[in-house]
Amino acid sequence: MNVTKEDVILAIDLGGTQLRAALIDASGQILSREATRTDVVGGPDAVIEQIAALSQRLLSARPSSKIICAGISCPGPLDTHEGRTFNLATLPGYDGFPFASRARERLGVPVVLEHDGHAAAYGEWKQGAGRGFDDFIYLTVSTGLGGGAVVNGRLLRGAGGMAAHVGHMTVVPDGPLCGCGNRGCWELFASGTSFLARVRQRADIDHWLGLKEFGREFKSEDVFNAARKGDLFADEMIKIEGEWLGLGIVSILHLFNPKRIVIGGGMSANFDLLLPGIEAYIDKNAMAPFRNISIVKAALGDNAGLVGVSFLAKETSHRKGQ
Ligand SMILES: [Zn+2]
């Protein structure tokens, strides 16, 4: 397949809140972007119509571009080989839906469906903080906790394209019930959502002065800002969050033996405050040869998934000769 100057890839990032679309060239350069609120109630058929509409809007602004293939980054679990979604926690009505083939019919180009953690990992590997590393793990810490693994210079996919579902490692047996059906998953202790829940709970107990300043609706960012101003309670809460992250990362180090860990997602905006807690936990608990690990903030921000899925779409279409 010859990718000429005018050939572009349609990259889609499907989330429980936002549906984002971009036209991206063969080198991974984002040419233009659009976004809309995900039609959650309408289910997958409605979302495919939204994708078609976004694609039309993008193309009408760049009439010289031609979409040659499309990649959709989607929350898991999903079977990337069959292009089928399963029961998605944030998006009801997707269980068993043949998303890739339906999108292909609607858009008229080859479509690949990729796990959002894998897509972002691939983006960071090709163009971001994982560049040049044959063994690295990408973690996204936001409302949820997910990731992707590059091992021996290849994206680790697994039998159904679901490898490295790190957020659902059990870290507390008989812990709270997770949306996945299991109990005590890492995501329930180390995601941004659980960080905020823990702060709110403890703030009630400790009558944190921050409550007066922010009211009950304070956000994660407020806690980080308070810590930057010297608030000891906020500082302690961030240290605990860093340690929960470190706890999962220790298992990841032992399992995958990466050279680098790249942390993205909303919580990574305050990566500098989280890192000491993470490193302290690793120094204390990882086996000695695993402790020499580079942990860095992701470089592509929320573009990682779009960039990554564009590369995956291009390479998959090329491989299949479509
Ligand atoms: Zn879980």
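Residues numbered from 1 in each chain as written. Predicted model: local features only at pLDDT ≥ 70, side-chain atom pairs only at ≥ 80, totals over all residues.

## So, the overall build of the protein
Right, on to step 1. On a plain count of helices and strands, the protein comes out with ten helices and twelve strands.
Right, on to step 2. If one aligns the C-alpha atoms of the protein with their principal axes, the spans along those axes are about 60 × 45 × 35 Å.
Right, on to step 3. For the protein, the residues scored as buried account for 45% of the 322 residues in total.
Right, on to step 4. Intrachain contacts of the protein at a sequence separation of at least 6 include 65% that bridge at least 24 residues. (Helix = DSSP H or I, 4+ residues; strand = E, 2+ residues; numbered from the N terminus. Buried ≥ 20, exposed ≤ 12 C-beta atoms within 10 Å, placed from the backbone. Contact = placed C-beta atoms within 7 Å.)

## Section: the nonpolar core
Right, on to step 1. Judged by nonpolar contacts, the single largest core of 91 residues is most densely connected at Ile9, Ala11, Ala70, Ile72, Val223 and Ile261.
Right, on to step 2. Here this core gets nine residues from one element, more than from any other, and that element is helix α8 (residues 232-256).
Right, on to step 3. When residues of this core are assigned to domains, at least three map to each of domain 1 (7-120 + 303-320) and domain 2 (133-298).
Right, on to step 4. With sequence-adjacent residues up to four places away left out, Ile261 is seen in contact with Phe136, Ile137, Leu139, Ile249, Ile293 and Ile295. (Core = buried A, V, L, I, M, F, W, Y, C linked by C-beta atoms within 7 Å. Domains from an automatic or database assignment.)

## A closer look at the sheet that holds strand β12 (residues 294-297)
Right, on to step 1. One open sheet accounts for five strands, arranged β10-β9-β8-β11-β12; its pairing is mixed. Two strands lie at the open edges of the sheet, namely β10 (154-155) and β12, each paired on one side alone.
Right, on to step 2. When strand β8 (residues 136-141) meets strand β11 (residues 260-264), the two strands line up parallel, connected through five bridges. From the neighbouring strand, Leu139 faces β11, where its bridge partner is Ile263.
Right, on to step 3. In the packing of helix α3 (residues 116-127) onto the sheet, the strands contacted are β8, β9 (145-151), β10 and β11, and the crossing angle to β9 comes to about 50 degrees. (Pairing = 2+ DSSP bridges. Axes fitted to C-alpha atoms, helices over the stretch in contact; angles between N-to-C directions.)

## Quick notes on the domain arrangement of the protein
Right, on to step 1. Partitioning the protein into structural domains gives domain 1 (7-120 + 303-320) and domain 2 (133-298).
Right, on to step 2. Domain 1 and domain 2 are separated by 27 Å when their C-alpha centres are compared.
Right, on to step 3. No other element matches α3, which puts four residues into the side of domain 1 that touches domain 2.
Right, on to step 4. Its residues assigned to classes, the side of domain 1 that touches domain 2 comprises four nonpolar, six polar and two charged. (Nonpolar A, V, L, I, M, F, W, Y, C, P; charged D, E, K, R; others polar.)

## Considerations on helix α9 (residues 271-285)
Right, on to step 1. The terminal C-alpha atoms of α9 lie 21 Å apart, and with 15 residues this matches the ideal 21 Å at 1.5 Å per residue to within 8%.
Right, on to step 2. Summarising the contacts, the buried residues of α9 are in contact with α8 and β12. (Expected span 1.5 Å × (residues − 1).)

## Some points on unusual backbone geometry
Right, on to step 1. Cis peptide bonds are those with omega within 30 degrees of zero, and the linkage from Gly76 to Pro77 qualifies with 0 degrees.
Right, on to step 2. Here Ala164, not a glycine, exhibits a phi torsion of approximately 65 degrees, which is positive.
Right, on to step 3. Despite not being glycine, Asp174 has its phi angle at roughly 60 degrees, a positive value.
Right, on to step 4. Position of Asp174 relative to the elements: it lies in the loop between β10 and α4 (187-190).

## Considerations on the sheet that holds strand β2 (residues 18-24)
Right, on to step 1. If you trace the five strands from one edge of the open sheet to the other, you get β3-β2-β1-β4-β7, paired in mixed fashion. Looking along the sheet, the strands with just one partner apiece sit at the ends: β3 (30-37) and β7 (111-115). Direction aside, the axes of adjacent strands within the sheet are offset by 20 degrees on average.
Right, on to step 2. Taken together, the seven bridges between strand β1 (residues 7-14) and strand β4 (residues 66-74) define a ladder with parallel strand orientation. Across the sheet, residue Ile12 finds its bridge partner in β4, namely Ile72.
Right, on to step 3. Where helix α2 (residues 99-107) meets the sheet, its contacts fall on β4 and β7, and the angle it forms with β7 comes to roughly 145 degrees.
Right, on to step 4. Along the sheet face, α3 touches β4 and β7 and points at about 95 degrees away from the line of β7.

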